[in-house]
Amino acid sequence: MILITAVMLAVFGGMAIAAQDKYTLKLGKLAFSDFRGYENWENVAVSQTETQLKVIVANDVMMKAYRQGLPADGKLFPEGSKIAKIEWTFKKNTTSPYFVQVPDKLVAVDVIEKDTKRFPDTHGWAYANFLYNATSDTFAPEGTEPNCGYACHTTVAAKDYIYTQYSKR
């Protein structure tokens, strides 16, 4: 009995130790740890594609800029601005008395950070997608450098490379 208990403790203890710490992940110079606490950041906006629900959240630096009217033509977000986009598949809420879609399975956490010293080649912005694998309960960076979103964001260069507007409350 003691042997069985010891083996079970070793197995479960090893599993706990092997659990991923997402904050150790990096994509080039951009670290997931730069976004520690994003789960508690303020909501900027919500969006829906054909297959996903997304919530965009921002740190205090970026929220202050949003409240001052950014993104706006020719105005820049301050250094230290950070945004995270949390993406899920969606499903119908079966308990609601009316039709409503709600988050289902986590798909990814995408992040953007402004630091012109670290990321001068992309006008100060770094972009990363951290894809979530539900089977292993782990995240993995997509790509090798934190410039994956830059090409898409050049269409909003006049708004400091940020698409998402702060919605009226």
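Here is a short report on the structure shown in this document. (Residues numbered from 1 in each chain as written. Predicted model: local features only at pLDDT ≥ 70, side-chain atom pairs only at ≥ 80, totals over all residues. Heavy atoms only, no water.)

1. Quick look at the sheet that holds strand β5 (residues 82-92)
Inference 1: Strand order in the open sheet formed by six strands is β3-β4-β5-β6-β7-β8, with antiparallel pairing between adjacent strands. The two strands at the open ends of the sheet, each matched to only one other strand, are β3 (42-48) and β8 (138-141). Sheet twist, expressed as the mean angle between neighbouring strand axes with direction ignored, is 25°.
Inference 2: Pairing geometry for strand β7 (residues 125-133) and β8, over four bridges, is antiparallel. Of the residues in β8, the one forming a bridge with Tyr132 is Phe139.
Inference 3: In the packing of helix α2 (residues 60-67) onto the sheet, contacts are made with β3, β4 (53-58), β5 and β7, and the angle to β3 comes to roughly 75°. (Pairing = 2+ DSSP bridges. Helix = DSSP H or I, 4+ residues; strand = E, 2+ residues; numbered from the N terminus. Axes fitted to C-alpha atoms, helices over the stretch in contact; angles between N-to-C directions. Contact = heavy atoms within 4.5 Å.)

2. Describing the side chain of Lys22
Inference 1: The topology assignment puts Lys22 in the loop between α1 (2-18) and β1 (26-27).
Inference 2: Since its relative accessible area comes to 18%, Lys22 is described here as buried. (Buried < 20%, exposed > 50% of the residue type's maximum accessible area, 1.4 Å probe, protein only.)

3. Remarks on the pattern of salt bridges
Inference 1: A complete count under the given rule lists 12 salt bridges for this structure.
Inference 2: The salt bridge partner of Asp115 is Arg118, with a shortest N-O separation of 3.6 Å.
Inference 3: Look at the salt bridges and you will find they share partners, linking Asp34, Lys82, Glu113, Asp115 and Arg118 into a network. (Salt bridge = Lys/Arg side-chain N within 4 Å of Asp/Glu carboxyl O.)

4. Some remarks on the environment of Asp115
Inference 1: Tracing the backbone shows Asp115 in the loop between β6 (101-114) and β7.
Inference 2: Its relative accessible area of 16% is what places Asp115 among the buried residues.
Inference 3: Spatially, the C-alpha atoms of Asp115 and Pro78 are 8.7 Å apart, while their sequence positions differ by 37 residues.
Inference 4: In contact with Asp115, not counting residues within four places along its chain, are Glu79 and Gly124.
Inference 5: Polar side-chain contacts of Asp115 include one of 3.1 Å to the backbone nitrogen of Arg118. (Polar contact = N/O pair within 3.5 Å; in protein donor to acceptor, adjacent residues only side chain to side chain.)

5. Quick word on the nonpolar core
Inference 1: In terms of nonpolar packing, the biggest core is built from 19 residues, with Leu30, Phe32, Tyr38, Ala84, Val109, Val111 and Phe130 touching the most fellow members.
Inference 2: Those elements that place two or more of their residues in this core are β4, β5, β6 and β7.
Inference 3: With three residues, β7 is the largest single contributor of residues to this core.
Inference 4: The contact partners of Leu30, leaving out residues within four places of it in the chain, are Phe35, Val111, Glu113, Arg118, Phe119, Ala126, Tyr127, Ala128 and Pro146.
Inference 5: Counting 17 residues, the second-largest nonpolar core is a separate cluster that includes Ile56, Leu70, Phe77 and Tyr127. (Core = buried A, V, L, I, M, F, W, Y, C linked by side-chain atoms within 4.5 Å.)

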